[in-house]
Amino acid sequence: MNDGGGQQLGEGGWTTVVRIGDTVRRPVRPFTATIQQYLAHLHALGFDAAPVPLGYDDSGREVLSYVPGDVPVEPLPAEATGPEVLTALARLIRRLHDAAQGWVPPEDAVFGSLPGIRPSGVMPLFATPELVSHQDYCPGNVVFRNGVPASLIDFDLARPTTRVADIVNALYWWAPLLHPADRAPALAEADIPARVRLFADAYGMNAEQRSTLVDVAIQRGRNASLTAKTAADADPVFRRWWNEGVKDRMPRAEAWLSDNAGLIRAAL
Ligand SMILES: Nc1ncnc2c1ncn2[C@@H]1O[C@H](COP(=O)(O)OP(=O)(O)O)[C@@H](O)[C@H]1O
Ligand SMILES: [Mg+2]
């Protein structure tokens, strides 16, 4: 795409993102204003590992700072699977949480979600949210510098959550909480309980957070399968995503997690 000299970014193909100089331009969605306010709060609190919100351009797109570095393409290459990567990500998310903790969303806040009605069987992961956090730590949303995660991008699914629920999302992608057949080859034989423990230690999770992590992960897996299915029914883009493997990967992840729940609890 030629956009006034801009360069189209991204392999995932969900959102049309164009880089122009030190900025990126993204379409405005219902949640964009809320997320720009959230990002401004993070930067005001000294959390700089996120794009700087720069308002809107003449074409009505949102403008964010371009974050230099490398974004991994799945399957995760071996160099993105080492313990130092997990440790750096855990510390980054801890800093994000600490900066996000006090932010009160505006009355008219709008948060993003997948298309489709909320399916029956989806259970909330918490009684009361503690903070607004990222909630979508897929590899395409993590920018590496010097071989380790240095910044987060794509806050489109940021929403009220808890520290544990947000950590579980990161672990799903990066431990990962997946059946060996669905992991990057470099992680097929990995000791996942040990990697969960490493993340928990690097984050500085307390005893109560550790005690609830596995139950939250199990419920997150159930919710994700149900929600992905209704999104696939509602939207052709999600239907392709579902048919291209999600429909098999999610139930395999659920089964693997329930088989390994005891080992993860023991490691924590
Ligand atoms: N602020 C940014 N700085 C650097 N790269 C970005 C930025 N925003 C997006 N990108 C690149 O564009 C890709 C897609 O953008 P993203 O915001 O994650 O949209 P989506 O996942 O919805 O397609 C990212 O994986 C990254 O490579
Ligand atoms: Mg993304």
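This write-up is about the structure you can find in this document. Values in this document were obtained by computation on a predicted structure and should not be read as measured data.

1. Describing the sheet that holds strand β2 (residues 17-20)
No. 1: Strand order in this open sheet of five strands is β1-β2-β3-β5-β4, and the pairing throughout is antiparallel. The strands lining the two open edges of the sheet, one partner per strand, are β1 (7-9) and β4 (53-56). Adjacent strand axes in the sheet meet at a mean angle of 30°, parallel and antiparallel pairs treated alike.
No. 2: Taken together, the three bridges between β1 and β2 define a ladder with antiparallel strand orientation. Bridging from a neighbouring strand, Leu9 pairs with Val17 of β2.

2. Observations regarding the site of ligand 1
No. 1: In the neighbourhood of ligand 1, 16 residues make up the surrounding shell, with Thr15, Arg26, Val67, Gly140 and Asp154 lying closest.
No. 2: Val67 is positioned with one of its backbone polar atoms (N or O) 2.7 Å from a nitrogen atom of ligand 1.
No. 3: Interatomic distance of 2.7 Å between a backbone N/O atom of Gly140 and an oxygen atom of ligand 1.
No. 4: Residue composition of the shell around ligand 1, by class: nine nonpolar, five polar and two charged.

3. Some words on the coordination of the magnesium ion (ligand 2)
No. 1: Bound to the magnesium ion (ligand 2) on the protein side are Asn141 (OD1) and Asp154 (OD), at distances that span 2.1 Å. Residue Asn141 is located in the loop between β6 (131-133) and β7 (142-145), and its partner Asp154 is located in the loop between β8 (148-152) and β9 (159-161); the two are separated by 13 residues in the primary sequence.
No. 2: Among the residues examined, Asn141 registers a relative accessible area of 4% and is labelled buried.
No. 3: Residue class for Asp154 comes out partly exposed when judged on its relative accessible area of 21%.

4. Here's the deal with the packing of helix α3 (residues 163-174) against helix α5 (residues 207-234)
No. 1: Where α3 contacts α5, the axes come no closer than 9 Å and their chain directions differ by 60°. Our classification of the angle between α3 and α5 gives oblique. Seen from above, α3 lies across α5 with right-handed handedness. Along its contact with α3, which presents Arg163, Val164, Ala165, Ile167, Val168, Asn169, Leu171 and Tyr172, the element α5 presents Gln209, Thr212, Leu213, Val216, Ala217 and Arg220.
No. 2: For the contact of α3 with α5, the per-class residue count stands at nine nonpolar, three polar and two charged.

5. Considering the pattern of salt bridges
No. 1: Inspection of every chain in the model, using the stated rule, returns 15 salt bridges.
No. 2: One salt bridge in this structure joins Arg252 and Asp182, with 2.8 Å as the shortest N-O distance. Taken as a pair, Arg252 in helix α6 (residues 236-267) and Asp182 in the loop between α3 and α4 (192-203) lie far apart in primary sequence, 70 residues in all.
No. 3: One salt bridge connects Lys229 with Asp233, and the closest N-O pair in it is separated by 2.9 Å. Separated by four residues within a single helix, Lys229 and Asp233 lie in helix α5, roughly one turn from each other.
No. 4: Residue classification places Lys229 among the partly exposed residues on the basis of a relative accessible area of 35%.
No. 5: When salt bridges with common partners are traced through the structure, they connect Arg26, Arg29, Glu62, Asp154 and Asp156 into a single cluster.

6. Describing the nonpolar core
No. 1: In terms of nonpolar packing, the biggest core is built from 62 residues, with Phe155, Leu177, Phe199 and Leu213 touching the most fellow members.
No. 2: Taken together, the elements giving at least two residues each to this core come down to α1 (32-44), α2 (83-100), β6, β7, α3, α4, α5 and α6.
No. 3: Ranked by residues supplied to this core, first place goes to α2 with nine residues.
No. 4: Once residues within four sequence positions are removed from consideration, Leu177 is found in contact with Val168, Leu171, Tyr172, Ile192, Val196, Ala217, Ala253, Trp256 and Ile264.

7. Some words on the packing of aromatic side chains
No. 1: This structure, assessed with the given rule, holds seven aromatic pairs.
No. 2: Each ring, one from Tyr38 and one from Phe155, has its centre 6.1 Å from the other, and the planes form 55°; the classification is tilted. Placement of Tyr38 in helix α1 and of Phe155 in the loop between β8 and β9 is noted, with a sequence separation of 117 residues between them.
No. 3: You can call Phe155 buried: its relative accessible area is 3%.
No. 4: Between Phe144 and Trp174, the aromatic rings sit 6.0 Å apart at their centres with planes inclined by 35°, giving tilted as the arrangement. Placement of the pair is Phe144 in strand β7 and Trp174 in helix α3, with a sequence separation of 30 residues. The residues Phe144 and Trp174 share a single accessibility class, namely buried.
No. 5: Sitting above the plane of the Tyr203 ring, Arg94 keeps its charged end 5.1 Å from the centroid.
No. 6: Its end group placed over the ring of Tyr172, Arg220 keeps NZ or CZ at 4.1 Å from the ring centre.

8. A word on unusual backbone geometry
No. 1: The step from Glu74 to Pro75 runs through a cis peptide bond, and the omega angle for that step is 0°.
No. 2: Of note, Pro75 is situated in the loop between β5 (62-65) and α2.
No. 3: Between Ala175 and the following residue, Pro176, the backbone shows a cis peptide bond with an omega angle of -15°.
No. 4: Relative to the helices and strands, Pro176 resides in the loop between α3 and α4.
No. 5: Phi is positive for Gln135, which is not a glycine, with a value near 70°.
No. 6: Mapping Gln135 onto the fold places it in the loop between β6 and β7.
No. 7: Judged by relative accessible area, which is 17%, Gln135 ranks as buried.
No. 8: Here Asp154, not a glycine, exhibits a phi torsion of approximately 60°, which is positive.

Conventions adopted
- Residues numbered from 1 in each chain as written.
- Chains lettered and ligands numbered in written order.
- Predicted model: local features only at pLDDT ≥ 70, side-chain atom pairs only at ≥ 80, totals over all residues.
- Heavy atoms only, no water.
- Pairing = 2+ DSSP bridges.
- Helix = DSSP H or I, 4+ residues; strand = E, 2+ residues; numbered from the N terminus.
- Axes fitted to C-alpha atoms, helices over the stretch in contact; angles between N-to-C directions.
- Near = heavy atom within 4 Å.
- Polar contact = N/O pair within 3.5 Å; in protein donor to acceptor, adjacent residues only side chain to side chain.
- Nonpolar A, V, L, I, M, F, W, Y, C, P; charged D, E, K, R; others polar.
- Donors = N, O, S within 2.8 Å, 3.2 Å for Na, K, Ca; no water.
- Buried < 20%, exposed > 50% of the residue type's maximum accessible area, 1.4 Å probe, protein only.
- Parallel < 35°, antiparallel > 145°, perpendicular 65-115°, else oblique.
- Left-handed = near helix turned anticlockwise from the far one by under 90°.
- Contact = heavy atoms within 4.5 Å.
- Salt bridge = Lys/Arg side-chain N within 4 Å of Asp/Glu carboxyl O.
- Core = buried A, V, L, I, M, F, W, Y, C linked by side-chain atoms within 4.5 Å.
- Phe/Tyr/Trp six-rings, centres within 6.5 Å; stacked < 30°, edge-to-face > 60°.
- Lys NZ or Arg CZ within 6 Å of the ring centre and 35° of its normal.

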